[in-house]
Amino acid sequence: MTDEREITLTVNGTEHTVEVEPRRLLVHAIREDLDLTGTHIGCDTGNCGACTVLKDGEPIKSCLMFAAQADGAEILTVEGMEDLPEADGIHPLQEGFREEHGLQCGYCTPGMLMSGKALLDEDPDPDEETIRDAISGNLCRCTGYQNIVRSIEYAADELADRAAADGGAVTADGGASASPEGGHEPPAVGGDADTFCGREDCCGGPSEADPFDREALLDDAEGGNGDAAVDSTDTAVDADDRGDSV
Amino acid sequence: MKSAPFEHHEPTTVDEAVSLLESLDDPTILAGGQSLVPMLRFRLANPDVVVDINGIDSLDYLREEDGHLRVGALARHADVAESDVIDEKYGSFADAAPLVADPQIRNRGTVVGSVAQADPKGDWGSVLLAHEGEVVARGPDGERAIPAEEFFLLPYDTTLGEDELITEVRVPTPSPNEGSAYHKLKRKTGDYAMAGVGVRLTFDDDGTIESAGIGMTAVDITNARATDAEERLEGERPSPDLFAAAGELAAEQSNPESDEHGGADYKARMVDVLTQRALGDAAERAGTVTVKRRVTQ
């Protein structure tokens, strides 16, 4: 009565035919039949979003869908990101998570990347609220989300920069988001500054003053010893943000 | 955990689905699956037979037609949130859609499935009640329209027949003097409502409330109408005092239970607050006077 049936899944551009029981979840087909274990199972209840994949371009939770229901669908998992047209070695989103320290344990990251990808496909220049809404179905227990938001902003900027370099602005505002001074509001809560450990790219680090002004940070770092650069950044944060953060 | 084994049927037409429902033994209908799939996996539901309606393309619609907003059984929450049809005229729908669960679940879960699930914490039941909407079902004997008020019986239990399929839910197209809103209190994205209130106000040409509908979420054993508050509103002109009185009556008529999210008294108070806020929005959207809120946001 539970005969297996043959389904076709196009995952990351490659067509696969697999035999599945009707009760087999899409996430199990992806992980166990196709051996693509980048898609994680976190909560097993549909809450955490670690199993998020794109089905025909839309983010869905692959633990809340049977594999048979995805017969004929196009699925994108984290393993496919580096082969996307906008990827250059790795995808700008992955680069963003690396540059902005968007992960600690990394368990939620594949799901975060998929939600981020769906967002940027829809809205190449999202504001912070839009980003937070887009990842609201993905739980992270490490980062407090601040750096994940910055990682996605980084990717949006990177994509806008490339589009501009290709000779055309793609964003509605003419690509203004690509400029360091125009694209980003300071974080609403500057809590990272209070716990900053003194190391670049850690604990919110020097990027707190303007997390996206990497040129300035590099200049600082080259201009003296690291501690001095950090001190000046920290002072700037004191003046601007710290009062709001307590 | 895995679901127990089941037989999976995938009809592609409503007729085929209805004849499957008639011939199969105790089938369960699978639409968006965002509640049913976890229930199957935790073996809270153990059907031998699942009829998956996702292949019935004719049920994938959301449109204004024949004096109604018609939401087909495969319209997802995200479809409502993104639809051109849903604007200020359907304020309660526009409010509720982005508040359901989270983005991924809104991409799969359906409005009709949420109504059929009849979870008292579901949002759409209250919207339907506020608009005096209907649940349209097809069975072996043809089609029938069940008024929303007669649909919900108990938690997860409705007046739908075992061999019936809900093809759509629908609400009357609002008159130009009508406004609606939905307000929901929840701790975070993805949570069910601690309390929710859907409101519809229809005004006559003088700016008097001709008819009011109020549906409440998560504060009774089913989505429930606040009839005392509705009666208090009808025939009156909108004012902060009137809305405060209606809020109080809705709170009195609610029947919340204390749980980890809050005590019953607190939830009843929230019904009062949410009712007043939703009434304010509905009146504003109807294009009548702007009623200054007594309850601040």
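Treat the numbers as computed from the prediction; the structure is a model and nothing was measured.

Once that is clear, we can look at the overall build of chain A. Counting secondary structure elements, chain A contains 8 helices and 5 strands. Going from N to C terminus, chain A has its helices and strands arranged as β-β-α-β-β-β-α-α-α-α-α-α-α. Counting every position in chain A, which comprises 246 residues, the buried fraction comes to 46%. A fraction of 58% describes how many contacts in chain A between residues 6 or more apart in sequence connect residues 24 or more apart.

Soluble globular proteins tend to bury their nonpolar side chains together. One finds Ala250(B) and Val271(B) to be the most contacted residues of the largest nonpolar core, which totals 135 residues. The residues touching Ala250(B), leaving out its near neighbours within four places in the chain, are Val197(B), Ile214(B), Met216(B), Ala226(B), Ala229(B), Val271(B), Asp272(B) and Thr275(B).

This part is about the sheet that holds strand β2 (residues 28–30) of chain B. Where strands meet in a sheet, backbone hydrogen bonds hold them as pairs that are either parallel or antiparallel. Residue and element names in this part refer to chain B. What the 3 strands build is an open sheet, ordered β1-β3-β2; its pairing is parallel. If you trace the sheet from one side to the other, it starts and ends with β1 (7–9) and β2, each paired once. Direction aside, the axes of adjacent strands within the sheet are offset by 30 degrees on average.

All names here are of chain B. When its domains are assigned, chain B resolves into domain 1 (7–46), domain 2 (60–172) and domain 3 (178–285). A straight line from the C-alpha centre of domain 1 to that of domain 2 covers 18 Å. Taken residue by residue, the interface counts 11 residues in domain 1 and 17 residues in domain 2. If one sorts the elements of the side of domain 1 that touches domain 2 by residue count, helix α1 (residues 14–23) sits on top with 5 residues.

With that out of the way, let us pick up the interface of chain A and chain B. Contact with chain A, which involves 22 residues of that partner, is made by 20 residues of chain B. The element that contributes the greatest number of residues to the side of chain A that touches chain B is strand β4 (residues 58–61) of chain A, accounting for 4 residues. Among the residues making up the side of chain A that touches chain B, the classes are represented as 8 nonpolar, 10 polar and 4 charged.

This brings us to α1(B). All names here are of chain B. Those residues of α1 that sit buried are Ala 17, Val 18 and Leu 21. Seen along its axis, α1 keeps its buried residues to an arc of 95 degrees; they face one direction. Relative to its buried face, α1 has exposed residues pointing more than 90 degrees away, namely Asp 15 and Ser 23. Of the surrounding secondary structure, the elements contacted by the buried residues of α1 are β3 (49–52), β6 (134–139) and β10 (165–172).

Once that is clear, we can look at helix α3 (residues 109–122) of chain A. Taking 1.5 Å per residue, 14 residues should reach 20 Å; α3(A) reaches 20 Å between its end C-alpha atoms and fits that length. In terms of burial, α3(A) is largely enclosed, as 12 of its 14 residues are buried. Burial in α3(A) covers these residues: Thr109(A), Pro110(A), Gly111(A), Met112(A), Leu113(A), Met114(A), Ser115(A), Gly116(A), Lys117(A), Ala118(A), Leu119(A) and Leu120(A). Summarising the contacts, the buried residues of α3(A) are in contact with β3 (52–55), β4, α2 (92–99), α4 (128–134) and α5 (146–165) of chain A together with α5 (103–108) of chain B.

Attention now moves to the domain arrangement of chain A. Interfaces are frequently sized by the accessible area removed from exposure as the parts join. Residues and elements named next belong to chain A. Splitting chain A by domain gives domain 1 (5–80), domain 2 (87–183) and domain 3 (186–246). Here the C-alpha centroids of domain 1 and domain 2 sit 24 Å apart. Listed by partner, the interface residues are 16 residues for domain 1 and 13 residues for domain 2. Every element with two or more residues in the side of domain 1 that touches domain 2 is listed here: β3 and β4. When residues of the side of domain 1 that touches domain 2 are assigned to their parent elements, the largest contribution, 3 residues, is made by β3. Residues belonging to the side of domain 1 that touches domain 2 are distributed by class as follows: 7 nonpolar, 8 polar and 1 charged.

Turning our attention to the packing of helix α9 (residues 240–253) of chain B against helix α10 (residues 264–285) of chain B. Residues and elements named next belong to chain B. Two elements in contact, α9 and α10, have axes separated by 8 Å at closest approach and are oriented at 140 degrees. Taken together, α9 and α10 sit at an angle that is classed as oblique. Every pair of crossing elements has a handedness; the one defined by α9 and α10 is right-handed. Between α9 and α10, the residues in contact are Phe 243, Ala 244, Ala 246, Gly 247, Glu 248, Ala 250 and Ala 251 and Ala 268, Arg 269, Val 271, Asp 272, Val 273, Thr 275, Gln 276, Leu 279 and Gly 280, respectively. Among the residues forming the contact of α9 with α10, the class breakdown is 9 nonpolar, 4 polar and 3 charged.

Residues and elements named next belong to chain A. Considering every residue of chain A, the mean pLDDT works out to 78; 67% of them sit at 70 or more. Scored below 50 in pLDDT, residues 201–214 makes 37 contacts in the model with residues more than four places away or belonging to other chains. Counted against residues more than four places away or in other chains, residues 221–246, with its pLDDT under 50, gives 34 contacts.

This part is about the packing of α2(A) against α3(A). Residues and elements named next belong to chain A. The geometry of α2 relative to α3 is characterised by a closest axis approach of 10 Å and an angle of 125 degrees between their N-to-C directions. One way to sum up the angle between α2 and α3 is to call them oblique. The two elements α2 and α3 meet at a crossing, and its hand is right-handed. Here Leu 93, Gln 94 and Phe 97 of α2 come into contact with α3, specifically with Thr 109, Leu 113, Gly 116 and Lys 117. Residue composition of the contact of α2 with α3, grouped by class: 3 nonpolar, 3 polar and 1 charged.

Bringing the sheet that holds β4(A) into the picture now. Residues and elements named next belong to chain A. Read from one edge of the open sheet, 5 strands run β2-β1-β5-β3-β4, paired in mixed fashion. Among the strands making up the open sheet, the edge pair consists of β2 (14–20) and β4. Strand-to-strand twist in this sheet, taken as the mean axis angle between neighbours without regard to direction, amounts to 40 degrees. Where strand β1 (residues 5–11) meets strand β5 (residues 74–76), 2 bridges bridge the pair, whose relative direction is parallel. Residue pairing across strands places Thr 10 opposite Glu 74, the latter belonging to β5. Where helix α1 (residues 26–33) meets the sheet, its contacts fall on β1, β2 and β3, and the angle it forms with β2 comes to roughly 110 degrees. Against the sheet, α3 touches β3 and β4, its axis set at about 35 degrees to β3.

The rules behind each value
Residues numbered from 1 in each chain as written. Chains lettered and ligands numbered in written order. Predicted model: local features only at pLDDT ≥ 70, side-chain atom pairs only at ≥ 80, totals over all residues. Helix = DSSP H or I, 4+ residues; strand = E, 2+ residues; numbered from the N terminus. Buried ≥ 20, exposed ≤ 12 C-beta atoms within 10 Å, placed from the backbone. Contact = placed C-beta atoms within 7 Å. Core = buried A, V, L, I, M, F, W, Y, C linked by C-beta atoms within 7 Å. Pairing = 2+ DSSP bridges. Axes fitted to C-alpha atoms, helices over the stretch in contact; angles between N-to-C directions. Domains from an automatic or database assignment. Nonpolar A, V, L, I, M, F, W, Y, C, P; charged D, E, K, R; others polar. Arc of directions from axis to C-beta. Expected span 1.5 Å × (residues − 1). Parallel < 35°, antiparallel > 145°, perpendicular 65-115°, else oblique. Left-handed = near helix turned anticlockwise from the far one by under 90°. pLDDT = per-residue confidence, 0-100.

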